[in-house]
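Examination of the molecular architecture
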Amino acid sequence: MFQNLKRKVDEKFKIPKLPKGPIGLDNLPISIGQNISVKNYHHFLDNNESSGYKFEYNDGEVSIVDMSLREHAATVSLLQRYFNLPNGNTIWNPTIDVSGDDFHFSPAGNGVRIAADIAVYPSMSYVPKPPTPGLGPPPSDIRGNPHARIMCEVASGQSAANWKNKCSLWMTQPYVRCVLGIKLYELRTTRDPQGRFNRRMKAKLWRQGMASQKWEFGTVQKRNNNPTGCVALGNPAYQVTIPISDLFYDPQIPGIYTPPITFPRPAFMYGNFTIDLYHIQQKVLEVQEE
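Residues numbered from 1 in each chain as written. Predicted model: local features only at pLDDT ≥ 70, side-chain atom pairs only at ≥ 80, totals over all residues. Heavy atoms only, no water.

In the annotation of an unreviewed UniProt entry, the protein is listed under the name Restriction endonuclease domain-containing protein and assigned to Rhizophagus clarus.

If you want it as structure tokens, here you go:
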């Protein structure tokens, strides 16, 4: 009875509905609601945050664009550890705050809440909360905290075009200083020397005011089964370098916002986050679902 009542309420108020049965990667993207208001989409997100699906809202249509897989979760976890490295062993109130799935307002300005797989924030000891929560200036996340300066988007079932568009959307918010995207493509039929299915993987880094960079770092190349050069740790050609200083971007906005006096910048601010893509490649191969 409860399920029938819920279905009628959803239909009346146009709430998206999750599929009744399991869906596979081949089904993505899949539409789960049309003519949905932004308010009802947010209500849906509040009730389905931990569903294991990644949702997208586009002009009233709600779609599932990706789903939780072990290799996706493992990649996110590994990247989070990389961004936490400068914090050392600090547990409480670290200088760098690394979070997952934190909602921000879409840079499109349509009031829609969106989240990245990883959001990297500066500590509020160095970049305080904006005086007015929202799109700003300066912008905040939906809870009024300083806007994350670094975003990461990891895609497995999500299409390459959809993944790229999401990364590019983040970059239209100037306070997002860089976006790191990781795309995991389908398994190949060939295997590596350890007997694991070969796989193409791509990373792309967008930075404000700079040309984007990209890496083919899987075990095989884009259009064939020839190996890439990503075969060991420590190869600079397969390392992603992000200046830690990007994280503390907080400019004065004349007549609108003057950053308050804060503590001296941390010593490691002038170093880099250095992400070795071979680590990600090997972790994906280790846990991928065959």
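There is more to say, and it comes next.
**Examining the pattern of salt bridges**
A complete count under the given rule lists 10 salt bridges for this structure. In this structure, the salt-bridge partner of E153 is K166, at a minimum N-O distance of 3.1 Å. Of the two residues, E153 sits in strand β8 (residues 150–155) while K166 sits in helix α4 (residues 160–171), which places them 13 residues apart along the sequence. For the pair shown, E153 and K166 are each scored as buried. (Salt bridge = Lys/Arg side-chain N within 4 Å of Asp/Glu carboxyl O. Helix = DSSP H or I, 4+ residues; strand = E, 2+ residues; numbered from the N terminus. Buried < 20%, exposed > 50% of the residue type's maximum accessible area, 1.4 Å probe, protein only.)

**Some points on the nonpolar core**
Counting residues in hydrophobic clusters, the biggest one holds 37 residues, and the most contacted among them are F83, I182, F217 and I280. Look past the residues within four positions of I280 in its chain and what remains in contact with it is T75, L78, L79, I182, F217 and I275. (Core = buried A, V, L, I, M, F, W, Y, C linked by side-chain atoms within 4.5 Å. Contact = heavy atoms within 4.5 Å.)

**A word on empty space enclosed by the protein**
A water-sized probe, rolled over the atoms, reveals where empty space remains. All chains considered together, the criterion is met by one cavity of 30 Å³ or more. Of the pockets and cavities examined, the largest cavity occupies roughly 50 Å³. Lining the largest cavity, in full, are V127, P128, K129, P130, P138, P139, P146, H147, R149, D250 and Y257. (1 Å grid on protein atoms, 1.4 Å probe; cavity = no way out; pocket = protein on both sides within 12 Å on 5 of 7 lines; lining within 4 Å. Points joined across faces, edges and corners; volume = space filled by probe spheres on them.)

**Details of the sheet that holds strand β3 (residues 61–67)**
Taken in spatial order, the three strands make up an open sheet running β1-β3-β2, and their pairing is antiparallel. This sheet does not close on itself; its edge strands, each paired only once, are β1 (30–33) and β2 (53–58). The sheet shows a mean angle of 35° between the axes of neighbouring strands, direction not considered. Examined bridge by bridge, β2 and β3 share six bridges and lie antiparallel to one another. Bridging from a neighbouring strand, Y57 pairs with V62 of β3. (Pairing = 2+ DSSP bridges. Axes fitted to C-alpha atoms, helices over the stretch in contact; angles between N-to-C directions.)

**Remarks on the side chain of Q281**
Within the secondary structure, Q281 sits in helix α5 (residues 277–287). Of note is the side chain of Q281, whose polar atom sits 3.4 Å from the backbone oxygen of G218. If sequence neighbours within four positions are ignored, Q281 has contacts with M201, F217, G218, T219 and C230. (Polar contact = N/O pair within 3.5 Å; in protein donor to acceptor, adjacent residues only side chain to side chain.)

**Some details on the side chain of T219**
Along the chain, T219 turns up in the loop between β11 (213–216) and β12 (239–243). Only 3.0 Å separates the side chain of T219 from the side chain of N198, close enough to count as a polar contact. Here the side chain of T219 touches R199 through a polar contact of 3.0 Å, landing on its backbone nitrogen. Every residue in contact with T219, bar those within four places of it in the chain, is listed here: N198, R199, N226, P227, T228, Q281 and L285.

**Examining the layout of surface pockets**
The space that makes up the largest pocket amounts to roughly 780 Å³. Looking at the largest pocket, it is lined by 38 residues, and the ones nearest its centre are Y53, K54, F55, A115 and K166. Of all the secondary-structure elements, those providing two or more residues to the lining of the largest pocket are α2 (38–48), β2, β3, α3 (70–84), β6 (113–115) and α4. A per-element tally of the lining of the largest pocket places β2 first, with six residues.

**Some details on the domain arrangement of the protein**
Domain boundaries assigned for the protein yield domain 1 (1–66) and domain 2 (68–287). Distance between the C-alpha centres of domain 1 and domain 2: 27 Å. Taken residue by residue, the interface counts 14 residues in domain 1 and 16 residues in domain 2. Summed over the three residues of domain 1 that lose the most area to domain 2, namely H42, K54 and D66, the buried surface amounts to 38% of that side. At the surface where domain 1 touches domain 2, the tally comes to three salt bridges. Here K54 ties to D117 by a salt bridge, and the two come within 2.9 Å at their closest N and O atoms. On the surface where domain 1 and domain 2 come into contact, there are 10 residue pairs in polar contact (both at pLDDT 80 or more). (Domains from an automatic or database assignment. Buried area = accessible area lost by both parts, 1.4 Å probe.)

**Some remarks on the state of the cysteines**
All chains considered together, the criterion is met by zero disulfides. Here C167 is not disulfide-linked; the sulfur of C152 is the nearest cysteine sulfur, at 8.9 Å. C152 provides the cysteine sulfur closest to C230, a residue in no disulfide bond, and the two sulfurs are 17 Å apart. (Disulfide = S-S within 2.5 Å.)

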